[in-house]
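# Inside the fold
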Amino acid sequence: MFQPKKKRPRIRKTMSGLIALTLLSSLILPNAAGAEPVEPAQVQFANVSVQAGQTVHVPVALKKSYFGVKAYNMQIDYDTSALEIVRITPKSINAITTSPNEDGVADFQYEINSAEGWVRIIWVDFTGGDHSIVDETQLFDMEIKAKSNATPGTKQLSVDQTDSEHWHFTNVEHQSYTELSGGTITITANSGGDNSGSTPTPNPGNSSGGGGSVSPTSPVITPVPSTPAVNKGVDIYVNGQKQEQSASATTSTVNNLVTTTVHVDNDKVINQIGSGLKTLLLPITGTGKGAVVGELNGKLVKTMEGSNAEVVIQTDSGTYTLPANQIQIDQVLNQFGSTVPMEDITIQIAITPSATSKQSAIQAAVDKMQNTSVVAAPVDFEVKAIWNGQQVNVDRFNSYVERSITLPEGVDGSKITTGVVLQPDGSLLHVPTKVIKGNKQDSAIINSLTNSTYALIYHPATFSDVSSHWSRDDVQDLASRLIVQGTGENVFAPDRSITRAEFTAVLLRGLGLHSPISTEAASFTDVKTGSWYEGEVQTAVSYGLISGYADDSFRPNSEISRAEALTIVSRAMKLVGLAQADASETTSLLSTYSDSAKVQAWAAEPVASAIKQELVQGADGKLMSDADISRAQSAAIVKRLLAKAGLI
């Protein structure tokens with residue numbers, strides 16, 4: 001293989017220079033003799049959503065490669081009427097954007113043509129083969145702005161993969177074929193009152209099931225207060241004990257919204273609590289419908305994380321209970337740079353009344369639903385980390401995080417059927433919700449694995465064919481929560497069998513899992529692109545709930561057996577924190593049923609775990625593990641799972 005000389009030819013950072021760099025990459029890294037890889041390499045653009053007028057980060061990652069990538073070039077085309085590429089940032093560990101000396105050539109170069117709507121990116125390993133890019137690596141990040149006049153809808157980032165000047169990857173052994181996926185940008189209407197900065201996007205470096213994530217850094221947008229700030233001292237509580245003069249509060253009006261920001265005296269709290277902190281309570285009352293923001297620094301969060309402590313923001317409109325370890329301060333630090341002092345990072349935990357545009361969007365969605373009304377105005381729950389003019393949004397968690405919405409006085413909590421989350425497309429989806437009766441005001445506790453905008457609705461549902469059925473209460477409760485749906489006008493068909501795709505969708509809705517936690521695509525051979533269940537399958541795979549069959553099929557339209565359904569449910573039990581049966585328990589739990597010998601080995605522990613948590617009871621002393629599960633049985637099992645986990 002040709003080795004480049006130490007003194008490389010100088011190439012200017014122009015398009016001609018980029019083309020020359022492409023040609024140079026083919027000289028440095030010729031094809032090696034031998035067979036092509038069995039499967040192509042895979043590159044993935046993240047699918048993201050963004051409000052008109054705001055920016056979003058689109059990670060581009062190498063997801064699979066059988067040999068290290070030594071060079072690549074691509075031209076990405078986009079719709080200039082709606083999108084604008086702001087910048088490209090290399091992320092591969094070996095990529096540099098400037099040469100080590102004046103005569104050198106940059107390893108990574110790009111050029112943006114805003115008039116024609118394309119960006120060309122080229123990277124070459126000039127070390128002669130020592131620093132290839134391996135799979136599961138982010139190549140670069142695209143910062144893209146949705147223009148303020150962009151029409152809500154979807155736009156696709158595209159690449160002409162048939163043109164080698166537009167799409168070309170070279171690896172150590174082969175001139176390999178590389179597939180591309182993703183790149184859908186969903187543009188939503190501007191909320192009008194949301195000043196949170198860039199829209200959060202998935203972190204492609206975190207693809208493990210059930211894992212939390214933080215968004216890439218984005219500039220902080222600081223709104224200008226319209227009234228002078230008023231400062232006062234406030235009391236906070238550590239493990240239930242009042243800590244006087246350990247925090248101060250600043251109140252001002254921002255965008256016609258009264259905002260109270262509580263600044264914790266971090267060092268004082270750390271010195272007072274040592275390693276014994278369990279709960280840090282910030283009770284801020286008297287703010288009415290205003291916004292409340294609790295501020296503490298990364299050092300205090302790290303101390304609390306080591307003590308398994310939680311921070312509680314308590315306001316007139318709601319309460320946010322956040323375990324410190326869910327802030328994932330180490331991931332936040334990595335986004336800013338590992339050398340940044342923890343005490344210089346500000347963590348903001350906010351409870352904010354939703355902007356008027358979001359309230360209108362929720363009302364519009366409710367108006368399209370029958371027999372439905374909004375019981376309480378929507379509330380935004382947010383967690384941000386800020387350092388040096390940049391912010392990171394903490395938007396996903398490793399376990400369910402609790403927040404509550406306080407109902408207005410005189411509003412009956414029994415008139416709430418569920419909490420809902422507002423989706424980018426304007427639809428409403430269920431989140432696990434339970435109502436707590438209070439002396440003066442009721443409240444609704446919502447548990448979720450993400451931060452978002454939440455509202456409370458009343459959506460009673462009945463079906464004529466379950467009025468005398470054993471499953472009536474379970475079915476109608478889940479229907480009122482938007483978890484299950486009928487098969488026709490006022491009909492549920494409780495005894496009809498359910499398919500694998502349908503069962504997966506019901507379970508996901510019950511758990512409040514509405515989007516994947518990673519950009520890694522499911523690779524089932526029989527899950528069709530554009531099918532109604534494609535998103536559900538992708539989400540279930542990302543959370544580790546389904547794995548499919550040995551032949552790489554999922555069989556979405558096949559009826560699902562009780563054993564298969566309980567296997568999926570047992571994986572969900574881990575997610576909600578329910579204990580499963582161990583080997584010794586499995587034998588004893590199954591032995592009480594006359595047909596336990598028919599339970600196949602792969603299903604033994606999942607079935608036993610469901611018995612342990614009283615999710616299934618069997619009938620006439622039998623488990624009937626091979627029988628198809630019915631729609632009514634599915635509803636009952638999902639409701640018992642949520643109730644046992646304390647989510648409803």
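Keep in mind that what you see is a predicted model, and the values were worked out from it rather than measured.

About the thresholds
- Residues numbered from 1 in each chain as written.
- Predicted model: local features only at pLDDT ≥ 70, side-chain atom pairs only at ≥ 80, totals over all residues.
- Heavy atoms only, no water.
- Helix = DSSP H or I, 4+ residues; strand = E, 2+ residues; numbered from the N terminus.
- Buried < 20%, exposed > 50% of the residue type's maximum accessible area, 1.4 Å probe, protein only.
- Contact = heavy atoms within 4.5 Å.
- Areas by Shrake-Rupley, 256 points an atom, 1.4 Å probe, with all protein chains shown as cover.
- Pairing = 2+ DSSP bridges.
- Axes fitted to C-alpha atoms, helices over the stretch in contact; angles between N-to-C directions.
- Left-handed = near helix turned anticlockwise from the far one by under 90°.
- Nonpolar A, V, L, I, M, F, W, Y, C, P; charged D, E, K, R; others polar.
- Parallel < 35°, antiparallel > 145°, perpendicular 65-115°, else oblique.
- Arc of directions from axis to C-beta.
- Polar contact = N/O pair within 3.5 Å; in protein donor to acceptor, adjacent residues only side chain to side chain.
- Core = buried A, V, L, I, M, F, W, Y, C linked by side-chain atoms within 4.5 Å.
- pLDDT = per-residue confidence, 0-100.

Attention now goes to the overall build of the protein. The secondary structure content of the protein amounts to 12 helices and 29 strands. Counting every position in the protein, which comprises 648 residues, the buried fraction comes to 52%. Counting only contacts in the protein whose residues sit at least 6 apart along the sequence, the fraction spanning at least 24 positions is 76%. Accessible surface computed for the protein: about 28,100 Å², of which carbon and sulfur atoms make up 47%.

Phi at Leu 482 is positive, roughly 70°, even though this residue is not glycine. For Leu 482, the position within the fold is in the loop between helix H6 (472-480) and helix H7 (500-511). Classification of Leu 482 as buried rests on a relative accessible area of 18%.

Overall, mixed pairing links the 3 strands, which are arranged E2-E12-E9 in an open sheet. Every interior strand has two partners, whereas the edge strands, strand E2 (48-51) and strand E9 (153-156), have only one. Within the sheet, the average angular offset between the axes of one strand and its neighbour, ignoring direction, is 30°. Pairing between E2 and strand E12 (residues 184-188): 4 bridges, direction parallel. Looking at E12, one finds that Val 50 is bridged to Ile 187.

Taken N-terminus to C-terminus, the directions of H7 and helix H8 (residues 534-542) make an angle of 65°; their axes are 9 Å apart at the nearest point. Read as a crossing pair, H7 and H8 show a hand that is left-handed. Of the residues in H8, those in contact with Thr 504, Ala 505 and Leu 508 of H7 are Glu 536, Thr 539 and Ala 540. Classifying every residue of the contact of H7 with H8 gives 3 nonpolar, 2 polar and 1 charged.

Our next topic: the pairing of strand E7 (residues 118-124). In terms of residue burial, E7 counts as a mostly covered element, since 7 of its 7 residues are buried. By the alternation rule, side chains of E7 split into Trp 118, Arg 120, Ile 122 and Val 124 and Val 119, Ile 121 and Trp 123, which are all buried. Where strand E4 (residues 69-77) and E7 come together, 7 bridges link them in antiparallel fashion. In the sheet register, Asp 77 faces E7, and the bridge partner there is Trp 118.

This part covers the environment of Pro 59. Note on placement: Pro 59 falls in strand E3 (residues 55-64). Sequence separation between Pro 59 and Glu 143 is 84 residues; the distance between their C-alpha atoms is 8.7 Å.

So, on to the pairing of strand E26 (residues 428-431). Consecutive side chains along a regular strand alternate between the two faces of the sheet. As paired elements, strand E25 (residues 418-422) and E26 share 4 bridges and run antiparallel to each other. Bridging from a neighbouring strand, Val 420 pairs with His 430 of E26. Linking E25 back to E26 in an antiparallel pair, the connection comprises 5 residues, with Gly 426 at a positive phi of about 90°.

Here we take up the sheet that holds E7. Taken together, 4 strands build an open sheet; the order of strands is E6-E7-E4-E10 and the sheet is antiparallel. Each end of this open sheet is capped by a strand with a single partner; those strands are strand E6 (108-113) and strand E10 (167-171). Averaged over neighbouring strand pairs, the angle between their axes works out to 5° when direction is ignored.

Moving on: the environment of Ile 405. With respect to the helices and strands, the residue Ile 405 is situated in strand E24 (residues 390-406). Judged by its relative accessible area of 2%, Ile 405 is buried. Sequence separation between Ile 405 and Ala 444 is 39 residues, and the spatial gap between their C-alpha atoms is 5.4 Å. If we ignore the near neighbours within four places in the chain, the residues touching Ile 405 are Ser 317, Gly 318, Ala 376, Val 379, Phe 381, Asp 442, Ser 443, Ala 444, Ile 446, Tyr 454 and Leu 456.

What follows is about the side chain of Thr 352. Positionally, Thr 352 belongs in strand E22 (residues 346-353). We classify Thr 352 as buried; its relative accessible area is 16%. Beyond its immediate chain neighbours, meaning those up to four positions away, Thr 352 contacts Leu 257, Ala 291, Val 379 and Asp 380.

Time to look at the packing of H6 against helix H12 (residues 631-644). The interhelical angle for the contact between H6 and H12, taken along N-to-C directions, is 70°, at an axis separation of 9 Å. Judged by the inter-axis angle, H6 sits roughly perpendicular to H12. For the pair H6 and H12, the contacting residues are Asp 473, Asp 474, Val 475, Asp 477 and Leu 478 in the first and Ala 632, Ala 635, Ala 636, Val 638 and Lys 639 in the second. For the contact of H6 with H12, a count of residues per class yields 6 nonpolar, no polar and 4 charged.

This brings us to helix H3 (residues 298-306). Among the residues of H3, those classed as buried are Gly 298, Leu 300, Val 301, Met 304 and Glu 305. On an axial view of H3, the arc spanned by its buried residues comes to 160°, and they lie on one face. Its side-chain oxygen placed 3.1 Å from the backbone nitrogen of Lys 299, Asn 297 serves as the N-cap of H3. Note on H3: the residue one or two positions beyond its end, Asn 308, has a positive phi of about 55°.

It is worth spelling out the nonpolar core at this point. Generally speaking, a soluble globular protein has its nonpolar side chains buried in company with each other. In terms of nonpolar packing, the biggest core is built from 61 residues, with Leu 511, Leu 513, Leu 545 and Leu 641 touching the most fellow members. Elements represented by at least two residues in this core include exactly H6, H7, H8, helix H9 (562-576), helix H11 (601-612) and H12. Each residue touching Leu 545, except ones within four places of it in the same chain, is listed here: Leu 508, Leu 511, Leu 513, Ala 540, Ile 568, Arg 571 and Ala 572. One finds Leu 300, Met 342, Ile 345 and Ile 416 within the second-largest nonpolar core, a separate group that totals 56 residues.

What follows deals with the confidence of the model for the protein. Residues at a pLDDT of 70 or more form 81% of the protein, whose mean pLDDT is 82. By mean pLDDT, the top-scoring element of the protein is H12 (97), and the lowest-scoring one is helix H1 (residues 15-28) (48). Every residue in residues 93-105 scores below 50 in pLDDT, and together they form 30 contacts with partners more than four places removed in sequence or on other chains. Below pLDDT 50 for its whole length, residues 191-211 participates in 76 contacts with residues either more than four positions away or in separate chains.

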